[in-house]
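# Breakdown of the fold
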Amino acid sequence: MPKVKIPQLPLRDSFEDGDIEIRSYGQFNTKIHCHEKTQLIAAEKGTLYLYSEQGSYCIPAHYYAYIAARLDHKFISRSQRVEIKTIFLELSQELTCNGKALDIAIFPPSSLLDNYLDFGEQHWSGRQNPDLKAASLKALKKMLPFLLTKPIYLFTHPPKSEALLKAVEFITGALGENLTVLSISKAANIPERTLSRLFKQETGMTIFQFIKTSRMQKALELMEDPSMNISEIVYHIGYESTATFSNLFKQLVGIGPQKYRQKFLLE
């Protein structure tokens, strides 16, 4: 996808507990910002990217991102058509996973959350039906720990050094090629053993874990193009086997690529 200047989306300054926004956009990005409320956000028909000091997160179509209150972050959408659904919540305590409070996490689709946001947008936006809103919010907050239980791990941590930034830039620009530690080492001018050690140390991932995740993120973008079939996408991101790609996609996203495309992009 060619690099173009993506327009910046203006942001509201504040939100009330339970405020819901459902809007359609083309490509957009936001400035770095935070909210006093916890945010749940999902995109339909497209892929949304979320960036913070914690890492770079890919939000597939219909998947929900959980963003803790007062956490600096920004969004980028390169999709030509995307509908954003978001709700802001005043929580007495943030969501936890394995006993640890979450800052950011990506969760699989939830038809219950989808319907809840549609219902709230219809029945209590614009300060109508405050009693219904209060009762519904109370129920939602009790349900959240049961609705959001199994995050997917489709994210990368940004490197800290200039040397690794060069390596990452080379990787993301050459996903369709046969990437090896040697080829990355030469491009970044870092000895192979040093490169592998620094990559794990700074990103918490091996080089090949980073490549795999980056290829899946690129595949999610390419799936929005109806003119490309799965085999073409597989070739474009550097895999030779559709079966290998499908297994890795399901491992990271939780659903096979063909089913994901049919269910969330072509419906």
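In the block above lies the structure referred to throughout.
Residues numbered from 1 in each chain as written. Predicted model: local features only at pLDDT ≥ 70, side-chain atom pairs only at ≥ 80, totals over all residues. Heavy atoms only, no water.

A word on helix α3 (residues 162-173). Each full turn of the α-helix corresponds to 3.6 residues, which orients residues three or four apart in the same direction. Between its terminal C-alpha atoms α3 stretches 17 Å, which fits the 16 Å expected from twelve residues at 1.5 Å a residue. Listing the buried residues of α3 in full gives Leu164, Ala167, Val168 and Ile171. Buried residues in α3, looked at end-on, bunch into an arc of 100°, giving them a common side. Exposed residues on α3 whose side chains face more than 90 degrees from its buried face are Glu162, Glu169 and Gly173. Buried residues along α3 sit in contact with α4 (181-188), α5 (192-203) and α6 (207-222). (Helix = DSSP H or I, 4+ residues; strand = E, 2+ residues; numbered from the N terminus. Expected span 1.5 Å × (residues − 1). Buried < 20%, exposed > 50% of the residue type's maximum accessible area, 1.4 Å probe, protein only. Arc of directions from axis to C-beta. Contact = heavy atoms within 4.5 Å.)

In terms of strand pairing, strand β2 (residues 28-29) meets strand β7 (residues 74-77) through two bridges, oriented antiparallel. Across the sheet, residue Asn29 finds its bridge partner in β7, namely Ile76. Pairing analysis gives four bridges linking strand β4 (residues 48-52) to β7, with the strands arranged antiparallel. Paired with Tyr49 across the two strands is Ile76, which belongs to β7. (Pairing = 2+ DSSP bridges.)

Quick look at the side chain of Glu202 now. Note that Glu202 resides in helix α5. Excluding its chain neighbours within four sequence positions, the residues that come into contact with Glu202 are Pro158, Pro159, Lys160, Ser161 and Leu164.

To continue, consider the sheet that holds β4. With antiparallel pairing, the five strands of this open sheet are ordered in space as β2-β7-β4-β5-β12. Both outer strands of the open sheet, β2 and β12 (155-156), are each paired with one neighbouring strand and no more.

What follows is about the pattern of salt bridges. This structure, assessed with the given rule, holds nine salt bridges. Put simply, Lys141 and Asp17 hold a salt bridge, and the shortest N to O gap is 2.7 Å. Residue Lys141 is found in helix α2 (residues 130-147), and its partner Asp17 is found in the segment before β1 (20-25); the two are separated by 124 residues along the sequence. (Salt bridge = Lys/Arg side-chain N within 4 Å of Asp/Glu carboxyl O.)

Below, the discussion takes up the nonpolar core. In this structure, Tyr63, Met216, Phe245 and Tyr260 are the most contacted members of the largest nonpolar core, which totals 46 residues. With five residues, the top contributor of residues to this core is helix α8 (residues 242-253). When sequence neighbours within four positions are dropped, the list of residues in contact with Tyr63 reads Ile41, Ala42, Ala43, Ile106, Phe107, Pro108, Pro109, Ile152, Val253, Ile255, Tyr260 and Phe264. Counting 20 residues, the second-largest nonpolar core is a separate cluster that includes Ala42, Tyr64, Leu102 and Trp124. (Core = buried A, V, L, I, M, F, W, Y, C linked by side-chain atoms within 4.5 Å.)

So, on to unusual backbone geometry. One non-glycine residue, His62, lies in the positive phi region at around 75°. Counting through the fold element by element, His62 comes out in the loop between β5 (55-59) and β6 (64-67).

This paragraph deals with the packing of α5 against α6. α6 packs onto α5 with a crossing angle of 65° between their chain directions and a minimal axis gap of 9 Å. In contact with Leu195, Ser196, Phe199 and Lys200 of α5, α6 contributes Ile207, Gln209 and Phe210. Within the contact of α5 with α6, the residues separate by chemical class into four nonpolar, two polar and one charged. (Axes fitted to C-alpha atoms, helices over the stretch in contact; angles between N-to-C directions. Nonpolar A, V, L, I, M, F, W, Y, C, P; charged D, E, K, R; others polar.)

These results come straight from atomic positions and should not be treated as a statement about function.
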